[in-house]
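# Observations on chain architecture
Read off the chains here:
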Amino acid sequence: MRLVIVPNVLRDAINARLDDVLRDAPAEAIAEREHLYQQVLAYYDEHGVIPECSVVKSA
């Protein structure tokens, strides 16, 4: 596992994106917020941008 120092502005931007995505999401998705945060942060670390994303219910 890598240790990453996340600037406050990036943390706030990721959390704002997750707030938008999880606004109408089922409780199961909201419970996974920390996991989703880590995935978005990893994407940002690799690509340099916060991804457009959404939460969909799987079958």
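Note: the structure precedes this text.
How each quantity is defined
- Residues numbered from 1 in each chain as written.
- Predicted model: local features only at pLDDT ≥ 70, side-chain atom pairs only at ≥ 80, totals over all residues.
- Heavy atoms only, no water.
- Core = buried A, V, L, I, M, F, W, Y, C linked by side-chain atoms within 4.5 Å.
- Buried < 20%, exposed > 50% of the residue type's maximum accessible area, 1.4 Å probe, protein only.
- Helix = DSSP H or I, 4+ residues; strand = E, 2+ residues; numbered from the N terminus.
- Contact = heavy atoms within 4.5 Å.
- Axes fitted to C-alpha atoms, helices over the stretch in contact; angles between N-to-C directions.
- Parallel < 35°, antiparallel > 145°, perpendicular 65-115°, else oblique.
- Left-handed = near helix turned anticlockwise from the far one by under 90°.
- Nonpolar A, V, L, I, M, F, W, Y, C, P; charged D, E, K, R; others polar.

## Notes on the nonpolar core
Within the largest apolar cluster, 11 residues are counted, these being Leu10, Ile14, Leu18, Val21, Leu22, Ala25, Ala29, Leu36, Tyr37, Val40 and Leu41. At the level of secondary structure, the elements contributing two or more residues to this core comprise α1 (8-22) and α3 (33-47). Those residues within four positions of Tyr37 in sequence are excluded, and the remaining contacts are Val6, Arg11, Ile14, Asn15 and Leu18.

## Remarks on the packing of α1 against α3
Running from N to C, α1 and α3 point in directions that differ by 125 degrees, and their axes come no closer than 10 Å. Between α1 and α3, the crossing angle belongs to the class labelled oblique. The two elements α1 and α3 cross, and the hand of that crossing is right-handed. Contacts between α1 and α3 involve Leu10, Arg11, Ile14, Asn15, Leu18, Asp19 and Leu22 on the former and, on the latter, Arg33, Leu36, Tyr37, Val40, Leu41 and Tyr44. Looking at side-chain class alone, the contact of α1 with α3 contains 9 nonpolar, 1 polar and 3 charged residues.

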